[in-house]
Amino acid sequence: MLILMTCIVIVGILGGGYYVSVSAVTGIVLTGVLFYRMYVKKRITAAWDLNMAAFAVLVFGYLLSCLWAVDSGMALMGVVKFLPLLLFYVLVSGLTDEREKMIASLPMLGCLMTAFSFVMMQFEVFEQWVSVAGRLSGFFQYPNTYALFMLICLILVMWRFDYKKIDWLDIVYGVAAVFGIIMRSPKAIMSTLNIRSIFTTSFWYQSGAAGEAVTGINWSTIIFIAGMMIMVEVMAAAGFFRWLCMLLAKAVHYRTRALFITFMIMSFGLAMFIDSITVILFLAAVSIELAKLLKFNPVPMILSEIFCANLGGSATMCGDPPNIIIGTSLNFSFSTFITHTGLIAVISLVFIVVYFLIAYRKELESSPDIDKLAESMPSPAETITNRRDFALSCVIFMCAVVLLVTHALTGLTVAFIGLVIAIFSLIVSGRKALHMLKSIDYKTLLFFLGLFIVVGGLEQTGILEIIAAFIGRVSKGNLKLMVAIIIIISAFASALIDNIPFAATMVPVIKSLAATQGVDLSVLAWALSMGTDVGGSATPIGASANVVGTSVAAKNGYMIGWGKYCRTAVPATIIVVLISMVCIFVRYC
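Residue numbers run consecutively from 1 along every chain, following the written order of its sequence. Local features in this predicted model are restricted to residues whose pLDDT is 70 or higher, and side-chain atom pairs enter the listing and the counts only when it is 80 or higher, whereas totals over whole chains, interfaces and linings include all residues. To get the side-chain values, all heavy atoms of the structure are used, and hydrogens and water are removed first.

This part covers unusual backbone geometry. For asparagine 331, which is not a glycine, the phi torsion comes out positive at approximately 60 degrees. Looking at the secondary structure, you find asparagine 331 in the loop between α17 (321-330) and α18 (334-359). By definition, any uninterrupted DSSP run of H or I lasting at least four residues is a helix, any uninterrupted run of E lasting at least two residues is a strand, and each is numbered from the N terminus.

To continue, consider the packing of aromatic side chains. Ring pairs are drawn from Phe, Tyr and Trp, using the six-membered ring of Trp, whenever the two centres fall within 6.5 Å, and their geometry is named by plane angle: stacked under 30 degrees, edge-to-face over 60, tilted for the rest. On inspection of all chains with the given rule, the structure shows 12 aromatic pairs. Where phenylalanine 240 meets phenylalanine 397, the ring centres are 6.2 Å apart and the plane angle is 45 degrees; that geometry is what we call tilted. Pair noted here: phenylalanine 240 is in helix α13 (residues 240-251) and phenylalanine 397 is in helix α20 (residues 387-410), with a separation of 157 residues, a long-range link. Judged by centre distance (6.1 Å) and plane angle (0 degrees), the rings of phenylalanine 356 and tyrosine 360 are stacked. Just as phenylalanine 356 is buried, tyrosine 360 falls in that class too. Through pairs of rings, three or more aromatic residues link up here, namely Phe260, Phe307, Tyr355, Phe356 and Tyr360. Per-residue accessibility, obtained with a 1.4 Å probe over protein chains only, is compared with the maximum for each type, and a residue is labelled buried under 20%, exposed over 50%, and partly exposed between these values.

Turning next to a nonpolar patch on the surface. Note that patches include only residues with greater than 30% relative accessible area and no salt bridge, and the join distances are 9 Å for like charges and 5 Å for nonpolar side chains (Val, Leu, Ile, Met, Phe, Trp, Tyr). Accessible surface is estimated by sampling points in the Shrake-Rupley manner with a 1.4 Å probe; for residues, cover comes only from the protein chains shown. Every case where a carboxyl oxygen of Asp or Glu lies within 4 Å of a side-chain nitrogen of Lys or Arg is listed as a salt bridge. Together, Phe60, Leu63, Leu64, Leu67, Trp68 and Leu76 line one region of the surface with nonpolar side chains, adding up to about 680 Å² of accessible area. It is helix α3 (residues 50-65) that contributes the most residues to the nonpolar patch, three residues altogether. Relative to the helices and strands, leucine 64 is located in helix α3.

Attention shifts here to the environment of methionine 317. Within the secondary structure layout, methionine 317 lies in the loop between α16 (299-313) and α17. The exposure class of methionine 317 is buried, given its relative accessible area of 2%. Along the primary structure methionine 317 and glycine 342 are separated by 25 residues, whereas in three dimensions their C-alpha atoms are 9.5 Å apart. The criterion used for residue contact is that any of the two residues' heavy atoms lie within 4.5 Å. Setting aside residues no more than four positions away along its own chain, methionine 317 makes contact with Asn323, Ile324, Gly327, Phe332, Ser333, Phe334, Phe337, His407 and Val414.

Further remarks concern helix α28 (residues 544-555). Expected span of a helix: the number of residues minus one, times 1.5 Å. Compared with an ideal rise of 1.5 Å per residue, which puts 12 residues at 16 Å, α28 spans 17 Å between its outermost C-alpha atoms and is within 8% of the ideal. For α28, every residue scored as buried is listed here: Ala545, Asn546, Val548, Gly549, Thr550, Val552 and Ala553. Turning to α28, the residues buried within the fold contact α15 (276-294), α16 and α29 (562-588).

Attention shifts here to the nonpolar core. We define the nonpolar core as a collection of buried residues of types Ala, Val, Leu, Ile, Met, Phe, Trp, Tyr and Cys that are connected through side-chain atoms lying within 4.5 Å of one another. Residues Met231, Leu259, Phe263, Phe356 and Leu524 are the most contacted members of the largest nonpolar core, which totals 131 residues. Element by element, the count of residues in this core is highest for helix α12 (residues 219-238), at 11 residues. Each residue touching phenylalanine 356, except ones within four places of it in the same chain, is listed here: Phe260, Met264, Ser304, Phe307, Thr568 and Ala572. Core analysis: the second largest hydrophobic core is formed by 13 residues, Met113, Tyr146, Met150 and Leu154 among them.

Further remarks concern the pattern of salt bridges. This structure, assessed with the given rule, holds one salt bridge. Ionic pairing is found between arginine 388 and aspartate 389, a salt bridge with its closest N-O pair at 2.6 Å. Exposure remark for aspartate 389: the relative accessible area of 11% places this residue in the buried category.

Before going further, it helps to examine the packing of helix α27 (residues 521-535) against α29. In contact at an axis separation of 10 Å, α27 and α29 are set at 170 degrees when each is read in the N-to-C sense. For the element pair α27 / α29, the angle class is roughly antiparallel. Residues Val523, Trp526, Ala527, Met530, Val534 and Gly535 of α27 form the contact with α29, whose participating residues are Thr573, Val576, Ser580, Ile584 and Tyr588. Classifying every residue of the contact of α27 with α29 gives eight nonpolar, three polar and no charged. What counts as an axis is a line fitted to C-alpha atoms, over the stretch in contact for a helix, and the angles between N-to-C directions run from 0 to 180 degrees. Throughout, the term roughly parallel applies to angles under 35 degrees, roughly antiparallel to angles over 145, roughly perpendicular to angles from 65 to 115, and oblique to all others. Charged residues are taken to be Asp, Glu, Lys and Arg, nonpolar residues to be Ala, Val, Leu, Ile, Met, Phe, Trp, Tyr, Cys and Pro, and polar residues to be all remaining types, Gly included.

Another aspect to go through is α29. Under the 1.5 Å per step criterion, the end-to-end length of α29 is 36 Å for 27 residues, consistent within 8% with the ideal 39 Å. Bend, in this description, refers to the angle at a residue between axes fitted to the seven residues ending there and the seven starting there. The principal kink in α29, of about 30 degrees, is found at alanine 569, preceding the proline proline 571 by one to four residues.

Contact geometry for α12 and α17: axes closest at 9 Å, N-to-C directions at 135 degrees. One way to sum up the angle between α12 and α17 is to call them oblique. α12 and α17 meet at a crossing whose hand is right-handed. Here Ser220, Thr221, Phe224 and Ile225 of α12 lie close against α17, whose contacting residues are Ile324, Ile325 and Thr328. Partitioned by chemical class, the residues of the contact of α12 with α17 number four nonpolar, three polar and no charged. Take the far helix as your reference; a near helix turned counterclockwise from it by less than a right angle gives a left-handed crossing, and one turned clockwise gives a right-handed crossing.

If you want it as structure tokens, here you go:
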């Protein structure tokens, strides 16, 4: 059968036949052979279900369109083009054990097609065979058809991807699928990968003025986040976070209202330098432990900690992933962030502490037996698991803060700082270094890689410039209106989707907006930072820290639904958004 099909294709093409016609003839022959084996030989069985009926109606509908089409011949060709799809479904529906294998092989075929097409595009002689107008088309006639096939491959990869046991082949297939969907040319692919930047001196050290803003994969962000992850794992293993929580709890004599205020401020302060996910992971766990011992409801404390962690993350460049993306993409320094968004965040914190105290005033009553319960609390020193690692990890943490604060003066980039912190943290961990490397949240790093690839593709296609032009037309060049639009849209969008991809998507938009409208890019960046960081606090799914905090509570029997979460988080978000707008208007506009 394979030999017969090969002969039809070769003879047809060598005979001067148009490849669409040859494909149509091949499809007709295959259909005949398939039905012959189904009804005469009865070697193939097909499941005639609703899906099969839908395919049949689709083909029949195209057949009917031939009656009134301008070109009946081309319309009939359209009917024939659907035959391979129908044939594929007939074959798959009739299989049992082989069905999963056939479907699982599609991502591999898509990856091979993309790799082959990319190589062929490097040669001018073969470029027209695998591309149309500079866009990859693979073995299909049109790039859109090829992109649709690659989208199916991507969906299959995501469907079977297991984060607990990473299959690196699936990652390769997924990356190839994304490239196939969004990339226009080899130049665009190399620009998005941005690998060359790692091997430049300016990637690790910058003297004088900052370089150009990053496009494509932001490797500085990836390396910095990985380094901070390793440092946090070493600190957690030494008992740093539990020690800090118990120390502060003892300092306020375990009073519920005082604990509530202290943990909000601590959440804000830690999130300025440590990823908010890690901050909430430990604070929520300690809050629940204290609640069980001191007999109070931990939900108000957890919700306020989540909000303050996201607010604290907005104060610095390393606090929240959106700020890391904004800072590294636009070459902002740590001190630049803290003197602009930091001031807004501190002002907002004052109002938010008062707001949560009023909102949860009934739940913050201390137990009558608080003095007796406090005596049974463990000593802060007992939470330290390894005194040597504890001391050294604290030194590394302080060094990281100093390097971040002074990196604009020293010229050391965040990529260099992240790498150095990671190396020293691994040295401190000693024999546990391999375990610390395995503890890194690789799915988050892979998420960032895929995110930068998608955003890079959108930037190459010009879609983000269209969005920037739309905002420019609506605002009519008015900076105040631009700031209001960016903050409100960022806050609203980040409340419904994770704020990390939204921030990565909006960075090229504000760059284009600043270039075309002649406004200060930094002002738009502060608006984007506050909008994404604070807006993500409004719903349980708006930011990663929200998901982590509510999950920790649920595991311990404290369910936090959308109603309970949004009842206090949405008003708090509105308060901070209004404060941010007023601060930016007064200071910059």
